[in-house]
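The lines below spell out each chain.
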Amino acid sequence: MAAKLILLVLLQTLIQYPQMVGDGLDEVTRLRMELREKLLDREMTRLLQELEQSSLERSVRAWGALLWAALQQGDFWALAGVLGLLLWLWFIRSRRSRQPDNNGREEGAGDGDGGGNEGEENRDAIMWEVNNGDAIEGEGHDVANEVEEDVITHNLRRRLEEHTWHLMEGSAITTILMENFMMFFGHLLSDSSYPVPQRAIGVGSAFEGWSPREEDVVYTVLVPLNPPPGHTFHLEMDTSGHIPGRNFCVRVEPVCTCPREQQDDNVLCSLHHHPEDEQRRNEEPNFLNTLCTGSYLDVEKTARWFYQLVRAAWPALPQSHSWQLVLLPSNRCCKFKVTRGRLSLMVELLFGVQVGNSDIYVSSQPTEALFTPSTVWPETYAVAEMKFFRLIARQAPPDSWHLKCLHVLARALLGIGFSTYTLKTIVMHLLNTVPLSGWRMRHFLQRLEDTMEYLHGSLEEKRLDHFVVGNRTFPQEILLPPDVKTTEPPNLFHRLAHDPAAHTQAMREYQELAERIERIVLYGQ
């Protein structure tokens, strides 16, 4: 009871008599301190409720018993410590009560006619601080960081830091595992008539440095496929319009290899061959009759082929001695889980074909349609987006919180209809417009608010443009095909524009998402 009473007094002291911090704090920090005050108010209310459950007589008797026990046992040092603590608390309160509370009052005294513009002034102060974040350093920002750390709960900060390390560890393990797989595949298929898998590319949230939930991390890799000798891949765009987005079919075309036949008799030209050679090739398992449907590369057949490769390669890998492999069912990709003790990693292996020499691929990833034909390969921008986040990581300050911001947003989506890709798209748009100096920890709450405002505006307009397609401000360091740059950006909210009920539901879910984010920031849960 004594400890609770002391804590209550300290909380009242902090709330009623805040320390003066000088002119180093700006308007943004004042808003952060208001959040801190709310947190302290709630804690004080809880302590008051606990104190009200016990009578004043019990409190006095407890303090008396404590002092009398110390006196009887001759423990004068303990007695002096208790009395000294009470005197110190009384001295601090009386000293602060005599100090003029000028912090913020002088400014408030002159705002009698400008109260209605408080929102505009706050926004102006925020924009000024973002645009001039690098120009102001020193004691003021140190205090701002301390206040921000109080607003962002210790539990949340700890979980974000731990999650980041787990992602780095899992990404490194997955990268080494896939390198071993690809080395085995290359050795096995180098002299065959099947496509040769190239080096796997880590994509998706885990390799970008964030993930929706700690327990649901999926390490996604994209494996480019090169056509086998005597064949080439030709991409044909699907113009039916039945499936949203840009989709392609991969047509397999034979090419003449007659000059190479003179040096290597094992290579048969697909165009100039003898009839008996064609009959023999049709009877034997080969690329066309195993992985294709007609003249088009088949996603589902290729997925089954990858499962066979993984199963055959696993015993030869060094990881097989200490890890356990479990293959998981999937129609359009190869999924498996590797486990060692308490560490478990879920790996999703996509495969695709590169579009020219760009960072765009057509891949085996699922589409939004209920049914996707097995010969349809949707265009994926995962590699370009991964390279965008790497570019931001190189240019942003070391203490940037843009990935932690994205992680908190995605974590709050559990059970809500918005996809993580929607919020990722918004954050990428903001990263492309807000100065990177404005993504430090002290800007964390403002960037969350910016993201929610962007989402709200997009919901009202029923339009959210794709970040890569049609974005003329996309970084030039990342290679895009010309038509991807110049085409009209797809509207990720196209369904809301044609379904009023879905739009109404989305507006309700926006409110729920805002409340969840507030709880995560304040309580870390």
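Note that this is a predicted model, so its numbers are computed, not measured.

Draft legend 1. Local environment of the overall build of the chain. When you go through the chain residue by residue, the secondary structure sums to 20 helices and twelve strands. Counting every atom, the chain has about 28600 Å² of accessible surface; 53% of that belongs to carbon and sulfur.

Draft legend 2. Structural detail: helix α17 (residues 444-461). A rise of 1.5 Å per residue sets the reference length of α17, with its 18 residues, at 26 Å; its end C-alpha atoms lie 26 Å apart and thus fit the reference within 8%. Listed as buried for α17 are F444, L445, Q446, R447, L448, D450, T451, M452, L455, S458 and L459. Remark: K462 follows α17 within two positions and exhibits a positive phi of approximately 60°.

Draft legend 3. Representation of the side chain of S400. Residue placement: S400 occurs in the loop between α14 (382-395) and α15 (402-411). Polar contacts involving the side chain of S400 include one to the side chain of H402, which spans 2.6 Å.

Draft legend 4. Spatial organisation of the nonpolar core. In terms of nonpolar packing, the biggest core is built from 98 residues, with F181, F306, L455 and L513 touching the most fellow members. When residues in this core are grouped by element, the largest group, nine residues, is from helix α8 (residues 154-189). Structurally, this core is a two-domain feature, drawing no fewer than three residues from each of domain 1 (153-257 + 287-380) and domain 2 (396-524). Once residues within four sequence positions are removed from consideration, F306 is found in contact with F185, P197, V223, L225, C334, L349 and F351.

Draft legend 5. Main features of the side chain of S363. Take S363: it is sitting in strand β11 (residues 361-363). In terms of polar contacts, S363 uses its side chain to reach the backbone amide nitrogen of Q365, at 3.2 Å. Beyond its immediate sequence surroundings of up to four residues, S363 is in contact with L222, R332, F351, G352, W377, P378 and T380.

Draft legend 6. Region of the structure containing unusual backbone geometry. Although it is not a glycine, K462 adopts a positive phi angle of roughly 60°. Mapped onto the elements, K462 comes out in the loop between α17 and α18 (482-486).

Draft legend 7. Spatial organisation of the state of the cysteines. One pass over the structure, following the stated rule, counts zero disulfides. Between C333, a cysteine without a disulfide, and C334, which holds the nearest cysteine sulfur, the sulfur-to-sulfur distance is 7.4 Å.

Draft legend 8. Broad picture of the pattern of salt bridges. This structure, assessed with the given rule, holds twelve salt bridges. A salt bridge links R246 to D483; its shortest N-O distance comes to 2.8 Å. One end of the pair, R246, is in the loop between β4 (231-237) and β5 (247-254); the other, D483, is in helix α18, and 237 residues separate them in sequence. Here D483 falls in the partly exposed class, since its relative accessible area comes to 37%. As a salt-bridge pair, E385 and K424 come within 3.0 Å of each other at their nearest N and O atoms. One end of the pair, E385, is in helix α14; the other, K424, is in helix α16 (residues 420-431), with 39 residues separating them in the sequence. Neither residue differs from the other here; E385 and K424 are each classed as buried.

Draft legend 9. Main features of the confidence of the model for the chain. Chain-level statistics for the chain give a pLDDT mean of 77 and a share of 65% at 70 or above. Of the regions scoring below 50 in pLDDT, residues 99-144 engages in 37 contacts with residues more than four places distant in sequence or in other chains.

Draft legend 10. Region of the structure containing the packing of aromatic side chains. Evaluation of the coordinates by the stated rule reveals 15 aromatic pairs. Between F351 and W377 the ring centres are 6.0 Å apart and the planes differ by 65°, which places this aromatic pair in the edge-to-face class. Linking F351 in strand β10 (residues 343-354) with W377 in strand β12 (residues 377-380), this pair joins segments that are 26 residues apart in sequence. Through pairs of rings, three or more aromatic residues link up here, namely F181, F185, Y194, W305, F306, W314, F336, F351 and W377. Over the aromatic face of W401 sits the side chain of K404, whose NZ or CZ is 5.3 Å from the ring centroid.

Draft legend 11. Examining the pairing of β10 more closely. As judged from the seven bridges shared by strand β3 (residues 218-226) and β10, these two strands associate in the parallel manner. Bridge pairing in β10 links V223 to F351. Across seven bridges, the pairing between strand β9 (residues 334-340) and β10 is antiparallel. Opposite K337, over in β10, you have M346 as the bridge partner. Here β9 hands over to β10 after two residues, with G341 in that stretch at a positive phi of 65°.

Cut-off values and rules
- Residue numbers run consecutively from 1 along every chain, following the written order of its sequence.
- Note on the predicted model: pLDDT of at least 70 is required for a residue's local features to be given, and 80 or more for side-chain atom pairs to be given and counted; whole-chain, interface and lining totals, by contrast, use all residues.
- Excluding hydrogens and water, the side-chain figures rest on all heavy atoms present in the structure.
- Only DSSP runs of H or I covering at least 4 residues are called helices, and only runs of E covering at least 2 are called strands; the numbering of each starts at the N terminus.
- Values of accessible area rely on a 1.4 Å probe in the Shrake-Rupley scheme; residue burial ignores everything except the protein chains shown.
- A helix is expected to reach a length of 1.5 Å times the quantity of its residues less one.
- Working definition: with a 1.4 Å probe on protein chains only, accessible area under 20% of the residue-type maximum means buried, over 50% means exposed, and in between means partly exposed.
- Definition of a polar contact: a pair of N or O atoms within 3.5 Å, with one able to donate and the other able to accept a hydrogen when the atoms are protein atoms, and with sequence-neighbouring residues admitted only if both atoms are side-chain atoms.
- Grouping buried Ala, Val, Leu, Ile, Met, Phe, Trp, Tyr and Cys residues that are joined through side-chain atoms within 4.5 Å yields what is termed a nonpolar core.
- Residue ranges for the domains originate in an automatic or database domain assignment.
- Contact between two residues is taken to exist if any of their heavy atoms lie within 4.5 Å; hydrogens are not considered.
- Disulfides are defined as pairs of cysteine sulfur atoms found within 2.5 Å of each other.
- Should a side-chain nitrogen of Lys or Arg be within 4 Å of a carboxyl oxygen of Asp or Glu, the pair is scored as a salt bridge.
- Known as pLDDT, the predictor's per-residue confidence is scaled from 0 to 100.
- Two aromatic rings from Phe, Tyr or Trp, using only the six-membered ring of Trp, form a pair when their centres are within 6.5 Å; if the ring planes differ by under 30 degrees the pair is stacked, by over 60 it is edge-to-face, and anything between is tilted.
- Placement of a charge over a ring requires the Lys NZ or Arg CZ to be within 6 Å of the ring centre, with the centre-to-atom vector within 35 degrees of the ring normal.
- Each pair of strands is called paired provided DSSP finds at least two bridges between the two strands.

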